[in-house]
Amino acid sequence: MLDCAIIGGGPAGLTAGLYTTRGGLANVTMFEKGMPGGQITQSSEIENYPGVTGEITGMDLMMPWPEQCQRFGLKHEMVEVKRVSQKEDGTFVILKENGETEEALSVIVGTGSTPRRAGFKGEDLFFGKGVSTCATCDGFFYKGKEVAVVGGGDTALEEALYLAKLCSRVYLIHRRDRFRASPNTIERVKKTENIELIVNACVDEVVGDAMGVTGVHMIINDGTLRQLDVPGIFVFVGNDVNNQVLMQEDGTFLCDMTESGEVIVDISMRTSVPGLYAVGDMRIAAPKQVVSAAGDGAVAALQAIAFVDEKLN
Ligand code: FAD
């Protein structure tokens with residue numbers, strides 16, 4: 001029986017691993033389906049992790065994390081977890097892709113989330129080289145420059161407002177003429193002088209060179225074409241929370257979730273099920289940053305230690 005099972009080895013899961021083991025839990029395993037490090041390892045540059053200066057990639061940042069955890073006894077199993085469920089006595093059951101199961105007194109889930117792609121030409125090719133899904137992460141790289149934002153929901157509009165403070169001009173491209181965001185946010189966007197709305201328009205292609213994106217080609221609904229010469233395009237067309245591990249055989253979730261599939265937690269990362277914690281990008285109102293994911297991991301680990309102590313004593 002594990003004291004704690006950690007599902008996902010991104011910044012949230014790894015930090016949970018560090019704090020649970022270093023905090024005294026003897027038997028902790030992190031289940032990660034790939035190499036530990038999480039999605040930040042796809043980033044060619046990270047500038048906003050505190051204390052880390054100089055040009056480093058996401059891979060550079062995450063490289064030492066697993067080793068640091070292993071020094072305190074964290075075990076790592078490279079396997080995909082299919083489901084976390086619970087027995088009547090409260091023990092958690094971890095079902096792995098090979099059909100084997102593992103039992104645990106507590107579980108910390110940090111399986112992240114995946115921003116959706118819009119599907120235009122060049123999007124994958126230039127992802128990380130001008131195409132971004134995170135204004136907080138990459139907006140600063142376009143300080144004083146013009147950028148495009150794609151999307152019409154709350155996230156797209158809020159990120160456009162964020163970028164408008166840094167960039168000289170923000171083109172907000174939306175395929176309809178009405179936005180799905182809250183009226184207050186729409187009003188703020190409309191009042192922001194350096195945001196230009198381009199409605200009834202779809203991005204057809206991003207173009208660029210070896211240095212990255214140089215422009216965006218759009219098709220307007222009336223069939224006309226328009227081109228923007230911008231070095232950056234931010235795509236906000238939805239986000240898929242990687243919550244499948246919490247889905248039970250009958251299709252319900254193990255704990256309470258929001259309508260959009262984020263795990264509901266309190267400020268201690270506790271879900272509605274005692275002993276089950278959710279951390280990082282998958283939890284409600286996540287800032288979707290490495291530093292906050294790591295913070296969540298530490299908070300949940302302290303809770304898990306107290307929970308297991310109480311169970312065993
Ligand atoms: P993730 O990093 O997504 O890790 C989740 C892990 O769980 C993954 O390793 C995955 O393989 C694993 N997993 C998923 N499902 C299962 C399963 N069923 N079984 C086993 N394992 C599973 N943040 C910043 O702070 N600054 C930046 O500059 C920045 N730039 C970014 C650039 C890019 C290109 C991207 C993609 C993200 C960037 N971010 C940045 C965001 C940051 O990477 C995330 O906020 C952070 O990684 C979230 O950590 P997490 O641990 O919650 O999830």
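Residues numbered from 1 in each chain as written. Predicted model: local features only at pLDDT ≥ 70, side-chain atom pairs only at ≥ 80, totals over all residues. Heavy atoms only, no water.

## Quick notes on the sheet that holds strand S14 (residues 225–228)
Across the sheet, which stays open at both edges, the 3 strands sit in the order S12-S13-S14 with antiparallel pairing between neighbours. Looking along the sheet, the strands with just one partner apiece sit at the ends: strand S12 (201–209) and S14. Averaged over all neighbouring strand pairs, the angle between strand axes comes to 25°, with direction disregarded. The pairing of strand S13 (residues 212–220) with S14 spans 4 bridges and is antiparallel. Bridged to Met 218 within S14 is Arg 226. (Pairing = 2+ DSSP bridges. Helix = DSSP H or I, 4+ residues; strand = E, 2+ residues; numbered from the N terminus. Axes fitted to C-alpha atoms, helices over the stretch in contact; angles between N-to-C directions.)

## Here's the deal with the site of the ligand
Of all residues adjacent to the ligand, which total 30 residues, the nearest are Glu 32, Gln 39, Asn 48, Asp 281 and Val 290. Between the ligand and the protein, one listed contact pairs an oxygen atom with a backbone N or O atom of Pro 11 at 3.3 Å. Note that a nitrogen atom of the ligand is positioned 3.2 Å from one of the backbone N or O atoms of Lys 33. Within the complex, the protein chains bury 92% of what would otherwise be the 1000 Å² of accessible surface of the ligand. (Near = heavy atom within 4 Å. Polar contact = N/O pair within 3.5 Å; in protein donor to acceptor, adjacent residues only side chain to side chain. Areas by Shrake-Rupley, 256 points an atom, 1.4 Å probe, with all protein chains shown as cover.)

## Details of the state of the cysteines
Summed over the entire model, instances satisfying the criterion amount to 1 disulfide. Residue pairing for Cys 134: its cysteine sulfur links by disulfide to Cys 137, the two sulfurs lying 2.1 Å apart. Sign of the S-S torsion, about 75° for the bond between Cys 134 and Cys 137, identifies this disulfide as right-handed. Looking at Cys 134, the relative accessible area reads 15%, which means it is buried. No disulfide involves Cys 255; its sulfur sits 15 Å from the nearest other cysteine sulfur, which is in Cys 4. (Disulfide = S-S within 2.5 Å. Buried < 20%, exposed > 50% of the residue type's maximum accessible area, 1.4 Å probe, protein only.)

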